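Residue-level structural notes
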Amino acid sequence: MTEKIIFAGFGGQGVLLSGKLLCIAGMREGKYVSHIPSYGAEMRGGTANCQVIISDEEVASPVVFHPDIAIVLNTPSLIKFEPRVKAGGLLIYNSSLIDEKPSRTDITVVDIAANDIAEENGSSRSANMAVIGKLLKQKPELASLESTIAALEEAVSARNRKFNPVNEKVLKAGYAA
Amino acid sequence: MSDKILMKGNEVLGEAAIIAGCRYYFGYPITPQNEVPAYMARRLPQVDGTFLQAESEIAAINMVFGASAAGARVMTSSSSPGISLKQEGISYLSGARLPAVVVNMMRGGPGLGNIAGAQGDYYQATRGGGNGDYRTVALAPATVQEIADLTIKSFDIADKYRVVVMLMGDGFLGQMAEGVSLPEPSNQKFDKPWALSGAEGREPNIVASLRLNPEDALEKLNDELQATYTQIEENETMSESYMTDDADYLLVAYGMSSRICRSALRALRKEGVKVGLFRPITLWPFPEKELQKAAEGKQKVLTVEMSAGQMLEDVKLSLNGTADIDFYGRTAGMLPDIDEIVRRVKNYGK
C-alpha cells in the first residue's frame, strides 16, 4: 500500500496539521510516512497545502504531483488539484465552503460539510478534523480512527491541545458522516 | 518504528547538533532553513548553550571562527546566497585549521534565485567557494534520518581532522518531515591542545590564517592540509550502491534527486528493466573507486541532479572514459521528473 495525498485549503484551515496528524497515526502503526509542506510566500488567508505519503515500504520520492487522494477545503484548492488526481483516485471536498461540484467522472468524489459538522460538535475551527474522519472511513488502510485520536496529543502544538476534546469529537463525527 | 518521532529535516538537524555536543549556533535567517535557527533559539538556552542571531552571514561565520578557536563545537547554517557570503570565513577557518560544521539547505540560484530546493551549489562545496588550496568535507543526506546521523558524524569529522564540514541538504529535505529515531551521541573525544582556552601556565597558542613566510609557514601548512585531505579520502568516503550488481544501467544521484531516482528505479524494475542506483553520501571526498565498481560493465550511466550538471563532472572524472555517461537535470527548484528518467533508461535499450 502506498497512498500519495495532497491536503489543500486556506492558510489557517489546518491542512499542514491534518497531514502531520495522519503521518503520526500511520507511523505509530508501523508505516513509512513523509510530509512536505508548501512553504515560503504563504500566509494566513492565502493557500496552503502539504504532500503526504503513507506507505508499507520506504518512501522513495516524497514529492506528490499527481495524488491518489486529494483533500480540498476551499474552492481555489479544488480548482488547482482536481485535475491532478490520478484516474481512479479519490477527491474529498469540503461542501460547506465549496459551492460548485467537482466535474471529474473518472475518480471517486466524496463531499463532506466539514465546517457544519465541526460547528455542530464544538467549533468550526476543527473542520479539518471532520475531513480526516471522512478520509479514514474511506481509506481505513491509512490509519485507524483510534491511532489518529491517539496521535492528536503529539500532532497538536502545546498551546492548542486544549482543543483536542473538540478535535476528537469532530474526528468521530466526520468518520460517522 | 513506533518509537520514531515525526520531525522536519531542519529541526532534526538542530536536535542532532545538540546531541553531538554543539552548544553554540550563530546564524542569519534565510528561507528554506529558518527552522534551524528557530529550533536552536528555543533549544540551546535549555542546555546552557548560546544562540545568537548575527547581523549578517559574514558576522555569523566569524563568530563561528571565534567559538571554534576557543575549542567549542559550533555550527552555522544558511541557504545558497547566504553560504556564498560565508565563503571568506570558510577559507579562513580552513587556513587556521579550525573545525566547524556549516549547513547549506540549498535553494534555486544563481543570485538570490528562489526559495525552492535545488542542488546548484555542488561546485561551491566541493571545489571551494573561497580562496586557496583547501577542501571542505561535504556530506549529502537523503532522508531526515540521515540528516540526524550525518550531523553527529559531521562534528566528529570536523574535530578529528580540524576541517570545515559542510552538510549539504536542499529546501525539500529541510522542510519535509519523516519518522526519525534520534541518534545516540558518538561519545568520541577530541583533544584540542591548540585551542585558545586560557594560557595560564603554558605558552600562548596562536590561531591565525595569515602566514607571511612562504616556505616555513604557508607552504608547510598547505602540505599539512593536503596530507589531511588524503587521510580523509582514505577514511571518510561514503556511498550507497543499490541494486547495482545485476544492473544493465546505472543511475547516479545524491540527496533529494537520489530519492526521485529510487522511485524511477522501482518503476523500471517492475517492468523488468535492470537498473541500479549509485548514491554518493560524501560529495567530497567523491566516492571514486566505489562508483567505478558500481559502473563496471554497465551499458549506460545516467547522472541526475537538481542542477545543470555539476556532480556530472566528478562522475566523468571518476569513470575517466570507461563508461557511456548521460545527464538529466532540472534547475531553479524544479524537480527531475520520474517519468522522464524512466523514458530515458528504456530508450537506452532500444
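Here's what I pulled together on the structure shown here.

**A short note on the overall build of chain A**
A count of helical and extended segments in chain A gives six helices and six strands. The helix and strand sequence of chain A, counted from the amino end, reads β-α-β-β-β-α-β-β-α-α-α-α. Taken over C-alpha atoms, the radius of gyration comes to 15 Å for chain A, in line with the 16 Å a tight globule of 177 residues would show. In terms of overall dimensions, chain A has a C-alpha envelope of 40 × 40 × 35 Å along the principal axes. By the burial criterion, 56% of the 177 residues in chain A qualify as buried. Put simply, 56% of the contacts in chain A that link residues at least 6 apart link residues at least 24 apart. Of the roughly 7400 Å² that chain A leaves accessible, carbon and sulfur atoms contribute 51%. Across chain A, 19 positive and 20 negative side-chain charges occur, with their mean positions spaced 5 Å apart.

**Examining the packing of aromatic side chains**
Residue and element names in this part refer to chain B. Here the structure, examined in full by the defined rule, presents four aromatic pairs over all chains. Ring geometry for Tyr25 against Phe51: centres 5.7 Å apart, planes inclined by 5°, an arrangement best described as stacked. Residue Tyr25 is located in strand S2 (residues 24–27), and its partner Phe51 is located in strand S3 (residues 50–53); the two are separated by 26 residues in the primary sequence. Looking at Tyr25, the relative accessible area reads 0%, which means it is buried. Taking relative accessible area as the criterion, Phe51 reaches 23% and is therefore assigned partly exposed.

**Concerning a negative patch on the surface**
On the surface, Glu215(B), Asp216(B), Glu219(B) and Asp223(B) cluster together into a patch of negative charge. Topologically, Glu215(B) is positioned in helix H9 (residues 214–236).

**Section: the layout of surface pockets**
Roughly 1300 Å³ of internal volume is contained in the second largest pocket. Secondary-structure elements contributing two or more residues to the lining of the second largest pocket are strand S1 (2–10), strand S2 (32–37), strand S3 (47–55) and helix H2 (75–81) of chain A together with helix H10 (255–270) and helix H13 (338–348) of chain B. For the lining of the second largest pocket, the element with the most residues is H10(B), which contributes five residues.

**Examining the interface of chain A and chain B**
At the junction of the two partners, chain A supplies 24 residues and chain B supplies 26 residues. When chain A packs against chain B, the two sides together hide about 1900 Å² of surface, and 64% of this comes from carbon and sulfur. The closest approach of N and O atoms between Arg266(B) and Glu57(A), which form a salt bridge, is 3.4 Å. Taken together, the connections running from chain A to chain B amount to eight residue pairs in polar contact (both at pLDDT 80 or more).

**Comments concerning the packing of H10(B) against H13(B)**
Residues and elements named next belong to chain B. Between H10 and H13, whose axes approach to 9 Å, the crossing angle comes to 50°. Regarding the angle of H10 to H13, the classification is oblique. Considering the relative orientation of H10 and H13, their crossing is right-handed. Residue-level contacts link Ile260, Cys261, Ser263, Ala264, Ala267 and Leu268 of H10 to Ile338, Ile341, Val342, Val345 and Lys346 of H13. For the contact of H10 with H13, a count of residues per class yields nine nonpolar, one polar and one charged.

**Let's talk about helix H1 (residues 9–19) of chain B**
Residues and elements named next belong to chain B. A large share of H1 lies buried, amounting to nine of its 11 residues. Looking at H1, one finds that the buried residues are Gly9, Asn10, Val12, Leu13, Gly14, Glu15, Ala16, Ala17 and Ile18. Phi for Gly21, located one or two positions after H1, is positive at around 100°.

**Some thoughts on the packing of helix H1 (residues 15–28) of chain A against helix H4 (residues 127–138) of chain A**
Residue and element names in this part refer to chain A. Relative to each other, H1 and H4 sit at 40°, their axes nearing to 10 Å. As summarised for this structure, H1 and H4 are arranged oblique, according to the angle between their axes. Here H1 runs over H4; the crossing is right-handed. Of the residues in H4, those touching H1 at Leu17, Ser18, Leu21 and Leu22 are Asn128, Met129, Ile132, Leu135 and Leu136.

**Description of the environment of Arg266(B)**
Within the secondary structure layout, Arg266(B) lies in helix H10. For the pair Arg266(B) and Val342(B), spaced 76 residues apart in sequence, the C-alpha separation works out to 9.7 Å. With near-sequence residues (within four places) excluded, Arg266(B) lies in contact with Glu57(A), Glu58(A) and Ala60(A). At a separation of 3.4 Å, a polar atom in the side chain of Arg266(B) contacts the side chain of Glu57(A).

How each quantity is defined
Residues numbered from 1 in each chain as written. Chains lettered and ligands numbered in written order. Predicted model: local features only at pLDDT ≥ 70, side-chain atom pairs only at ≥ 80, totals over all residues. Heavy atoms only, no water. Helix = DSSP H or I, 4+ residues; strand = E, 2+ residues; numbered from the N terminus. Rg over C-alpha atoms; globule rule 2.2 N^0.38 Å. Buried < 20%, exposed > 50% of the residue type's maximum accessible area, 1.4 Å probe, protein only. Contact = heavy atoms within 4.5 Å. Areas by Shrake-Rupley, 256 points an atom, 1.4 Å probe, with all protein chains shown as cover. Lys, Arg positive; Asp, Glu negative; His and termini not counted. Charge placed at Lys NZ, Arg CZ, Asp CG, Glu CD. Phe/Tyr/Trp six-rings, centres within 6.5 Å; stacked < 30°, edge-to-face > 60°. Patch = residues over 30% accessible without salt bridge, like charges linked within 9 Å, V, L, I, M, F, W, Y side chains within 5 Å. Salt bridge = Lys/Arg side-chain N within 4 Å of Asp/Glu carboxyl O. 1 Å grid on protein atoms, 1.4 Å probe; cavity = no way out; pocket = protein on both sides within 12 Å on 5 of 7 lines; lining within 4 Å. Points joined across faces, edges and corners; volume = space filled by probe spheres on them. Buried area = accessible area lost by both parts, 1.4 Å probe. Polar contact = N/O pair within 3.5 Å; in protein donor to acceptor, adjacent residues only side chain to side chain. Axes fitted to C-alpha atoms, helices over the stretch in contact; angles between N-to-C directions. Parallel < 35°, antiparallel > 145°, perpendicular 65-115°, else oblique. Left-handed = near helix turned anticlockwise from the far one by under 90°. Nonpolar A, V, L, I, M, F, W, Y, C, P; charged D, E, K, R; others polar.

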